[in-house]
Amino acid sequence: MSSTEQSVGITLEQVSDYEFRVRFDDTAIPDLMTDEASPLGHDAGPNPSRLLATAVANCLCASLLFALRKYKNAPGKLGATAKATLARNEQGRWRITHIGVDLQLSDKAELLEHLDRVLAQFEDFCIVTQSVRQGIKVDVSVHDGEGRALEVPGGAA
């Protein structure tokens, strides 16, 4: 990894059925439970689609806060709602086709300095949203119980 790259890691462990424990490697962050929605899962935690919408909305809020503070604003609390739209593709598989995010400031616009500049640039600070918009390369490998790599057509790089 070069000096211009960073990485973050997670470890996933199946608890039961479609429920997984997520560990955030090299941090003191508490584990997170995930699960698929019923009827497939048991709704014991957010599913990956909800986590993706959460990641986009959370990153946009943080980026907006960063941009506001960059121009010496001390904004009140921010909020957001997000909705991920799922639709079936040509093969009949569910895919996330759109994520709509509504960010809510608690301050009146007139009270915020350089709001035009903030609004023009905050999305560019958002790592997750901009990465999702550009598409992210994903390499996949699968190993069996003895550690042998299994062939994943089109998956491993």
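For the structure itself, look to the data block above.
Residues numbered from 1 in each chain as written. Predicted model: local features only at pLDDT ≥ 70, side-chain atom pairs only at ≥ 80, totals over all residues. Heavy atoms only, no water.

## Some details on helix α1 (residues 48-70)
Point 1. Here α1 is 23 residues long and its end C-alpha atoms lie 32 Å apart, about the 33 Å a rise of 1.5 Å per residue gives.
Point 2. Buried within α1 are the following residues: A53, V56, A57, C59, L60, C61, S63, L64, A67 and L68.
Point 3. Where α1 is buried, its residues touch β4 (79-88), β5 (94-104), α2 (115-121) and α3 (127-134).
Point 4. Just downstream of α1, K72 is the residue with a positive phi angle, here 65°. (Helix = DSSP H or I, 4+ residues; strand = E, 2+ residues; numbered from the N terminus. Expected span 1.5 Å × (residues − 1). Buried < 20%, exposed > 50% of the residue type's maximum accessible area, 1.4 Å probe, protein only. Contact = heavy atoms within 4.5 Å.)

## Description of the nonpolar core
Point 1. In terms of nonpolar packing, the biggest core is built from twelve residues, these being V56, C59, L60, L64, A67, L68, Y71, L112, L115, V118, F122 and C126.
Point 2. Elements represented by at least two residues in this core include exactly α1 and α2.
Point 3. Top element by residues in this core is α1. It accounts for six residues.
Point 4. Beyond its immediate sequence surroundings of up to four residues, L64 is in contact with L78, L103, L105, V118, L119 and F122. (Core = buried A, V, L, I, M, F, W, Y, C linked by side-chain atoms within 4.5 Å.)

## Some points on the pairing of β4
Point 1. Summarising the sheet, β4 and β5 pair through ten bridges and their orientation is antiparallel. Counted as the bridge partner of L86 is I96 from β5.
Point 2. Linking β4 back to β5 in an antiparallel pair, the connection comprises five residues, with G92 at a positive phi of about 85°. (Pairing = 2+ DSSP bridges.)

## Side note on the layout of surface pockets
Point 1. One number sums up the size of the largest pocket: a volume of about 1,000 Å³.
Point 2. What lines the largest pocket is a set of 23 residues, and nearest its centre among them are V8, I10, L51, A55 and V128.
Point 3. Each residue belonging to the lining of the largest pocket can be placed in one class, and the counts come to 17 nonpolar, three polar and three charged.
Point 4. The volume enclosed by the second largest pocket comes to roughly 330 Å³.
Point 5. Lining the second largest pocket are 14 residues, and of these V56, I99, V101, T129 and R133 lie nearest its centre. (1 Å grid on protein atoms, 1.4 Å probe; cavity = no way out; pocket = protein on both sides within 12 Å on 5 of 7 lines; lining within 4 Å. Points joined across faces, edges and corners; volume = space filled by probe spheres on them. Nonpolar A, V, L, I, M, F, W, Y, C, P; charged D, E, K, R; others polar.)

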